[in-house]
Amino acid sequence: MADATTIAVPTRAAGGSLARVLTYGGVAIGVAACLSIGGVAFANGGYFPVSWGWSSVALLALAALALGITVELDRLDRIFLCALAGLAAWIALSLLWTSSVSRTVFEVERVLVYVAAGVAGILLVRRAAAVSLVVGIWGAALVVSTYALLTRLFPDHLGNFEAIRVYRLSDPVGYWNGLGILAVVGVLLALGLAARSGPLVRCLAAGSTVVFMLTLYFTYSRGGWAALFAGLVAAVAADRRPLQLITVGLVLLPWTAAAIGIASTSPALTHQTTDLAGASRDGHGLAAIAIGLVVGASLTILAFDWLAAAVTVPHGLRRVYAGTLLFVLAAVLIAVFGRYGFPPTLARKAYDSFIATRTEGGDLNSRLFSLSSNGRSENWHTAWQEASEHPVLGGGAGTYAAFWAQHRRIDSTVHDAHNLYLETLAELGPIGLLLLTLLFATPLAALRRARRSLPVAGAVCGAYLAVLLHAAVDWDWELPAVMLSALFCGIALLAAGRRERDVAVPRLRLRLPALVGVAGLFGFALLGLLGNSAVSASSKSTDAGRYALAASQARHAMSFEPWSAEPWRRLGEAQAVSGDFANARVSFRKAIAKDGGDWTLWYDLAVVSSGAERKHAAREAARLNPFDGQLRSQSG
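1. A few points about the layout of surface pockets
Over the atoms, a rolling probe the size of a water molecule traces out where space has been left empty.
Turning to step 1, where the next piece is worked out: In this model, the second largest pocket occupies a volume close to 1,200 Å³.
Turning to step 2, where the next piece is worked out: For the second largest pocket, the lining is made up of 28 residues, of which Leu232, Ile246, Gly249, Leu250 and Leu253 are closest to its centre.
Turning to step 3, where the next piece is worked out: Counting only elements with at least two residues in the lining of the second largest pocket, the list comes to α7 (176-195), α8 (199-219), α9 (222-238), α10 (242-264) and α13 (315-340).
Turning to step 4, where the next piece is worked out: Element by element, the count of residues in the lining of the second largest pocket is highest for α10, at 10 residues.
Turning to step 5, where the next piece is worked out: Looking at the lining of the second largest pocket, its residues break down into 25 nonpolar, three polar and no charged.

Right, dumping it as structure tokens:
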């Protein structure tokens, strides 16, 4: 009936055959997911504002397209969308009490990427296409990891070789820990696909585990390894056939272990200050070995598949096998406790190591065996301090960086708390944290039903939880490539968990307001894209010595984002480096009028000023960043 609240649409359980996937447009869903994650990953993980605009515009266009066709919506889908919209609205509402409008608008622009992805994913992905979405996520992670690994194996042809400072794999994401967690997502999904898919996908997924594990290894990301182990436990616990999943993992383990073992013996690939010739020589050699291991893992899973089909294992023997695995696990735990102490002792040692400051050495292998937080405990302390000072509403989205500069206790410059949940509490208060928790918890509520229709639901759950846990020790939220992979895993669980009976579809007359809302968000995203692109272009022109063009581009940005201090900052920088100090002072003053809590703007003003104004600006910069010794000396 046209005036009914919902229309009943019969659905069928998702199948694994290629024909059924193609019937439901699954290939398009997989390709869209792969391009969304991969495209953002190759744009420095989506860290910079310009990438937010492109991502939001493209995903909102997909959402508008989805509103023109029949869509499936379940109760959990609505809760998920409401939590996502509520979180975005609360971030935008914090403009009313934030200390930095510019930074809060940036947070609104970033969360719009997740809103657009969530709306498009929920509307477009049907139960039958959930497995295609998973394949798309895995494919994106594989493309990114393969390119990243090639930059280490062929440094003379790809990437920018730099072994002096860090020498940890980070391209194309731009951050080693972000690349590491993407590789973790890939290996967990690959494990599930190697156990539960057709022969071709199983073969490719099995071989990809070698690529993912080598990529994770060369990032030297301890948080990534911890997330992998936690994700494996979650995947096994959530899987309907955990014994089979464990067996597939054990079958593939020798190949991945051999790859890491061989890689770890190369000083040129694992030590800082190595030279390009040595890294290239050892990288080429490891590449040949890695290809052989990929082929070996692929053939092994095919042999395992044939053996599983040809041999029927008695139920009693399976119980003996499961008991043996439990015995081995218990023996390992006893050995660990005997060597390092029982859980209370281990916890005390772990805490002492966590809060200690670690000095980086030349051998990066040693880094993997350290539990030092590298200052994260201080980051968390400051986030809790901000939450304590703003216990109801928080300090406002995006304000942590300024609060850290003013209240930090160590000499370190950070922009994020390295803990999504603490930073959300600090910036958005309990309501913001509640909305974030509801958003992340909703896909887990669909797991029980998702396991019936999605064979790889356990692996998807493991990958999803791995990212959520990793976000507690790093700034994954600021890397849309990472969070999109988690978001799409959650959407796959929601889509697969829709009830087999009729699914409620919103009545037609509700689509017009939805389209109007999407159009409004599209306009805002386009406005942000144009403004951020002009700001970025101005910065690049200044670096290239084209100061007149840089000033013109900065003024152009002002028309798109009049609330922001960034265009005035870029204009002031272009004027300062060209020697026009008088106009630079005017520009920096106007930037400060829009964001007076940014110490860098006061410092820039001090640099181009003299006399009393220089002293005043230096004092303000030192007040907002009191730990900086250089600022204190200048203000004195």
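2. Things to note about empty space enclosed by the protein
Turning to step 1, where the next piece is worked out: The tally for this structure, following the rule as stated, stands at two cavities of 30 Å³ or more.
Turning to step 2, where the next piece is worked out: By volume, the largest cavity is sized at about 90 Å³.
Turning to step 3, where the next piece is worked out: Broken down by secondary-structure element, the contributors of at least two residues to the lining of the largest cavity are α17 (420-445), α19 (457-470) and α20 (480-496).
Turning to step 4, where the next piece is worked out: Estimates place the volume of the second largest cavity at around 50 Å³.
Turning to step 5, where the next piece is worked out: As for the second largest cavity, its lining consists of Pro49, Trp52, Gly53, Ser56, Glu109, Leu112, Ala525, Gly528, Leu529 and Asn532.
Turning to step 6, where the next piece is worked out: Taken together, the elements giving at least two residues each to the lining of the second largest cavity come down to α3 (49-67), α5 (101-124) and α21 (511-543).
Turning to step 7, where the next piece is worked out: Its residues assigned to classes, the lining of the second largest cavity comprises five nonpolar, four polar and one charged.

3. Regarding helix α26 (residues 611-624)
Turning to step 1, where the next piece is worked out: Taking 1.5 Å per residue, 14 residues should reach 20 Å; α26 reaches 20 Å between its end C-alpha atoms and fits that length.
Turning to step 2, where the next piece is worked out: Buried within α26 are the following residues: Ala617, Ala618, Glu620, Ala621, Ala622 and Leu624.

4. Re the pattern of salt bridges
Turning to step 1, where the next piece is worked out: Counted under the stated rule, the structure contains 16 salt bridges.
Turning to step 2, where the next piece is worked out: Notably, a salt bridge pairs Glu378 with Arg409, separated by 2.9 Å at the nearest N-O pair. Of this pair, Glu378 sits in helix α15 (residues 376-389) while Arg409 sits in the loop between α16 (400-407) and α17; the two residues are 31 residues apart in sequence, bridging distant segments of the chain.
Turning to step 3, where the next piece is worked out: Glu378 sits in the buried class, given a relative accessible area of 16%.
Turning to step 4, where the next piece is worked out: Arg569 is the partner of Asp598 in a salt bridge, and the nearest nitrogen-oxygen pair spans 2.6 Å. Placement of the pair is Asp598 in the loop between α24 (581-594) and α25 (599-607) and Arg569 in helix α23 (residues 566-577), with a sequence separation of 29 residues.

5. Brief notes about α16
Turning to step 1, where the next piece is worked out: Among all positions in α16, only Tyr400, Phe403, Trp404 and Ala405 are buried.
Turning to step 2, where the next piece is worked out: Here the buried face of α16 lies against α15, α17, α25 and α26.

6. Here we look at a nonpolar patch on the surface
Turning to step 1, where the next piece is worked out: Taken together, the side chains of Ile291, Val295, Leu299 and Leu302 present a nonpolar region at the surface, about 360 Å² in accessible area.
Turning to step 2, where the next piece is worked out: Topologically, Val295 is positioned in helix α12 (residues 276-310).

7. Concerning the packing of α21 against helix α22 (residues 547-558)
Turning to step 1, where the next piece is worked out: For the pair α21 and α22, interaxial distance at closest approach is 8 Å and the crossing angle is 165 degrees. Viewed along their axes, α21 and α22 adopt a mutual orientation that is roughly antiparallel. Regarding α21 and α22, the two cross each other, and that crossing is left-handed. Where α21 abuts α22, its residues Gly531, Ala534, Val535, Ala537, Ser538, Ser541 and Thr542 lie against Tyr547, Leu549, Ala550, Gln553, Ala554, His556 and Ala557.

8. Some words on the environment of Leu228
Turning to step 1, where the next piece is worked out: With respect to the element layout, Leu228 can be found in helix α9.
Turning to step 2, where the next piece is worked out: C-alpha of Leu228 to C-alpha of Leu465: the two residues are 237 residues apart in sequence and 9.7 Å apart in space.
Turning to step 3, where the next piece is worked out: Once you skip the residues sitting within four places of it in the chain, Leu228 turns out to touch Val184, Val187, Leu188, Met213 and Leu216.

9. Some points on unusual backbone geometry
Turning to step 1, where the next piece is worked out: Look at the link from Asp171 to Pro172: it is a cis peptide, with omega at 5 degrees.
Turning to step 2, where the next piece is worked out: With respect to the helices and strands, the residue Pro172 is situated in the loop between α6 (130-153) and α7.
Turning to step 3, where the next piece is worked out: A positive phi angle is found at His418, which is not glycine, with a value near 55 degrees.
Turning to step 4, where the next piece is worked out: You can call His418 buried: its relative accessible area is 11%.

10. Side note on the side chain of Gln553
Turning to step 1, where the next piece is worked out: Relative to the assigned elements, Gln553 resides in helix α22.
Turning to step 2, where the next piece is worked out: Under the relative-accessibility criterion, Gln553 is labelled buried at 18%.
Turning to step 3, where the next piece is worked out: Once residues lying within four places of it in the same chain are set aside, the contact partners of Gln553 are Ala534, Ala537, Ser538 and Ser541.

11. Details of the packing of α5 against α21
A pair of packed helices is characterised by two quantities: the angle between their axes and the separation of those axes.
Turning to step 1, where the next piece is worked out: One can describe the packing of α5 onto α21 by two numbers: an axis separation of 11 Å at closest approach and a directional angle of 125 degrees. As summarised for this structure, α5 and α21 are arranged oblique, according to the angle between their axes. Between α5 and α21 lies a crossing of left-handed hand. On α21, the residues that touch Phe106, Val108, Glu109, Leu112 and Val115 of α5 are Leu521, Phe524, Ala525, Gly528 and Asn532.
Turning to step 2, where the next piece is worked out: Taken together, the residues of the contact of α5 with α21 break down into seven nonpolar, two polar and one charged.

12. Some remarks on the packing of aromatic side chains
Turning to step 1, where the next piece is worked out: Per the stated rule, a full pass over the model turns up 14 aromatic pairs.
Turning to step 2, where the next piece is worked out: With centroids separated by 4.2 Å and ring planes inclined at 20 degrees, the aromatic side chains of Tyr175 and Trp475 adopt a geometry described as stacked. Pair noted here: Tyr175 is in the loop between α6 and α7 and Trp475 is in the loop between α19 and α20, with a separation of 300 residues, a long-range link. For the residue pair Tyr175 and Trp475, the accessibility class agrees, reading buried in each case.
Turning to step 3, where the next piece is worked out: The interplanar angle of 85 degrees and the centroid separation of 6.3 Å between the aromatic rings of Tyr421 and Phe440 together place this pair among those described as edge-to-face.
Turning to step 4, where the next piece is worked out: Relative accessible area serves as the criterion here: at 23%, Tyr421 is assigned to the partly exposed category.
Turning to step 5, where the next piece is worked out: Phe440 sits in the buried class, given a relative accessible area of 9%.
Turning to step 6, where the next piece is worked out: Through a chain of ring-to-ring contacts, the aromatic side chains of Tyr47, Phe48, Tyr175, Trp176 and Trp475 assemble into a single cluster.

The rules behind these values
- Residues numbered from 1 in each chain as written.
- Predicted model: local features only at pLDDT ≥ 70, side-chain atom pairs only at ≥ 80, totals over all residues.
- Heavy atoms only, no water.
- 1 Å grid on protein atoms, 1.4 Å probe; cavity = no way out; pocket = protein on both sides within 12 Å on 5 of 7 lines; lining within 4 Å.
- Points joined across faces, edges and corners; volume = space filled by probe spheres on them.
- Helix = DSSP H or I, 4+ residues; strand = E, 2+ residues; numbered from the N terminus.
- Nonpolar A, V, L, I, M, F, W, Y, C, P; charged D, E, K, R; others polar.
- Expected span 1.5 Å × (residues − 1).
- Buried < 20%, exposed > 50% of the residue type's maximum accessible area, 1.4 Å probe, protein only.
- Salt bridge = Lys/Arg side-chain N within 4 Å of Asp/Glu carboxyl O.
- Contact = heavy atoms within 4.5 Å.
- Patch = residues over 30% accessible without salt bridge, like charges linked within 9 Å, V, L, I, M, F, W, Y side chains within 5 Å.
- Areas by Shrake-Rupley, 256 points an atom, 1.4 Å probe, with all protein chains shown as cover.
- Axes fitted to C-alpha atoms, helices over the stretch in contact; angles between N-to-C directions.
- Parallel < 35°, antiparallel > 145°, perpendicular 65-115°, else oblique.
- Left-handed = near helix turned anticlockwise from the far one by under 90°.
- Phe/Tyr/Trp six-rings, centres within 6.5 Å; stacked < 30°, edge-to-face > 60°.

Bear in mind that shape data such as this cannot, by itself, settle questions of function.
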